[in-house]
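Single-letter residue listing:
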Amino acid sequence: MEYVSTRGGTGAVDFEGALFSGYAPDGGLFMPQRIPSLHRDTLQRWSSLSYPELVKELCSLFVPAKLIPRNVLNELIDKAFSRFRHKNVVHLSRLKDGLNILELWHGVTYAFKDLSLSCTGQFLQYFLEKKQKHVNILVGTSGDTGSSAIESVRGQKNVDIFVLLPKGLCTQIQELQMTTVIEDNVHVFAAHGNSDEIDEPIKELFADVDFAGKYNLMSLNSVNWSRIMVQIAHYFYAYFQCTPSLDTTQLPMVEIVVPTGGGGNITAGCIAQKMGLPIQLVTVVNSNDIIHRTVQHGDFSLAGSVKATLASAMDIQEPYNVERILWLLSGSDSLLIKTLMEQFNISKRLKLPEDLHKKLSETLGSCSASDQDIVGAMRRCWEENQYLLCPHSAVAAHYHYSQPHSIPRCCFAPASAAKFQDALLRAGLAPQFPPEISALTAMETRSTPLERGQDWAQVLRGRIEAVAQQWEAQVGQSAPQGR
């Protein structure tokens, strides 16, 4: 299994190469050269597997045993999930009115990103320890990615992580989950800008190929293929939990509703569908509706500035993983994708070719939800089930409540409601805080401010260079001394 750039301007790499990359050197994103196709008997066999077992089976299709032997891969995944609170790692709650909620938030930071990042952290450490190598991880976060990424590598001697968060635009709890981690290898920057603006200095550093190579830069945003790969398991687990039977002549369909920000999770769904899983996909967004407009009208264009919403982790105007979906649907036409994405990068406006838009609208349904819609779904779910939804999960529930369905439907819940006190209060609901979250407000915090007018990329360069010098000094001190 090799990985190629969506823009076709760089050579194929193996899983290790894709894992340690951010964007591909040509500005594209890595994707498998081929998508495995699963037969019905494989689906039958997998239907009784636990979530961790499904992750193992799926990862083994994309990670050759010569890179990570299967028994080691299994051990790494077991270790990744050892800190999850629920015995099944993920859990399906069956609520009234056919509302099935797949809780993907039982990890350390109460967000779905713990699932893919805990595994990715283990894969990283495996290769780093083998090669005695050090990497610098750059992460921009609109809410949950930063804390999940930090937890996946905190305290690891071979890794330093640099996280940029949009000051005041995450919830207090999301921000505290990052700024209260006082570890030497964790560097948090609080930027006075929105989630799209903090991506710019990160892109700039990755585009400087010499700098990125010299300092072993990599990303744990969902530009990283490893995260997409692990998330494919969500769809298989949801399907097997929600389908009535696999014994019918034609395998039954299940509709899966996915709250979407940067588009990594829905990309994983498109891959699962391509592998042969009989699912209908719906991508649901908040008022930052570029993906909805792209699906409905082929209009992949920015619409003014980012709008601050209750579903803050989805306040994204440039969902970079759409590039992966378009590549997949274009039949891996990297020349077309390069042309389209270069046009978008220049003008921030793109009208999809008619045939590509047709394929996209056949692959995905879509819906956008206002803050009023989100609050309404949160209230209704509580009144009918005494079940608290986070505002992102409520975007999916809004779709469920407003769209009738004739086949089983599963709504993904990307985060615990406990992280979103303001949204709960706005819905007239009482927050319920686990002890770990309540304790955050009394803890010491540490972060570096990035002010408007500063050259954020230059600030990052300086910190990365300083950390690299410290690492080299430590390695020099620990090396055997000559006589």
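Residues numbered from 1 in each chain as written. Predicted model: local features only at pLDDT ≥ 70, side-chain atom pairs only at ≥ 80, totals over all residues. Heavy atoms only, no water.

## Section: the sheet that holds strand β7 (residues 186–191)
Thinking step 1. Strands sit in the order β8-β5-β6-β7-β13 across an open sheet of five strands; the sheet is parallel. Edge strands, defined here as strands with exactly one partner in the open sheet, are β8 (217–219) and β13 (448–450). Here the strands of the sheet are splayed against their neighbours by 25° on average, with no regard to which way each runs.
Thinking step 2. Looking at chain direction, strand β5 (residues 135–140) and β8 are connected through three bridges and run parallel. For Asn136, the partnering residue across the bridge sits in β8 and is Leu217.
Thinking step 3. Packing against the sheet, helix α6 (residues 145–153) makes contact with β5, β6 (159–166) and β7, and its axis sits at approximately 165° to β6. (Pairing = 2+ DSSP bridges. Helix = DSSP H or I, 4+ residues; strand = E, 2+ residues; numbered from the N terminus. Axes fitted to C-alpha atoms, helices over the stretch in contact; angles between N-to-C directions. Contact = heavy atoms within 4.5 Å.)

## Quick notes on the packing of helix α4 (residues 70–80) against helix α5 (residues 113–131)
Thinking step 1. Across the interface, α4 lies against α5 with an axial gap of 8 Å and an inter-helix angle of 130°. Our classification of the angle between α4 and α5 gives oblique. Both α4 and α5 take part in a crossing whose hand is right-handed. Touching Val72, Leu73, Leu76, Ile77, Lys79 and Ala80 of α4 are Ser118, Cys119, Gln122, Phe123 and Tyr126, all from α5.
Thinking step 2. Tallied by class, the residues present in the contact of α4 with α5 amount to eight nonpolar, two polar and one charged. (Parallel < 35°, antiparallel > 145°, perpendicular 65-115°, else oblique. Left-handed = near helix turned anticlockwise from the far one by under 90°. Nonpolar A, V, L, I, M, F, W, Y, C, P; charged D, E, K, R; others polar.)

## Details of α4
Thinking step 1. Residues Val72, Leu73, Leu76, Ile77 and Ala80 constitute the buried set of α4. Buried residues of α4 fall within an arc of 135° about the axis and therefore sit on the same side. In α4, those exposed residues whose orientation departs by more than 90 degrees from the buried face are Glu75 and Lys79.
Thinking step 2. Among the structural elements, α3 (51–62) and α5 are those in contact with the buried residues of α4. (Buried < 20%, exposed > 50% of the residue type's maximum accessible area, 1.4 Å probe, protein only. Arc of directions from axis to C-beta.)

## Considerations on the UniProt feature "domain: Threonine synthase N-terminal" (unreviewed entry) in the protein chain
Thinking step 1. The UniProt entry lists residues 2–81 under the feature "domain: Threonine synthase N-terminal" (unreviewed entry), expressed in the numbering used here.
Thinking step 2. Secondary structure across residues 2–81 comprises 44% helix and 8% strand; the distance between its end C-alpha atoms is 27 Å. (UniProt positions renumbered as here; feature names shortened; annotations may be inferred.)

## Observations concerning the side chain of Glu151
Thinking step 1. Looking at the secondary structure, you find Glu151 in helix α6.
Thinking step 2. You can call Glu151 buried: its relative accessible area is 14%.
Thinking step 3. A distance of 3.3 Å separates the side chain of Glu151 from the side chain of Arg83, its partner in a polar contact.
Thinking step 4. Ignoring anything within four residues of it in the chain, the contact list for Glu151 reads Arg83, Val108, Thr109 and Val181. (Polar contact = N/O pair within 3.5 Å; in protein donor to acceptor, adjacent residues only side chain to side chain.)

## A closer look at the state of the cysteines
Thinking step 1. Counted under the stated rule, the structure contains zero disulfides.
Thinking step 2. Counting only cysteine sulfurs, Cys119 is the nearest neighbor of Cys59, a cysteine outside any disulfide, at a range of 6.1 Å.
Thinking step 3. Here Cys411 is not disulfide-linked; the sulfur of Cys410 is the nearest cysteine sulfur, at 6.8 Å.
Thinking step 4. Judged by its relative accessible area of 1%, Cys411 falls in the buried class. (Disulfide = S-S within 2.5 Å.)

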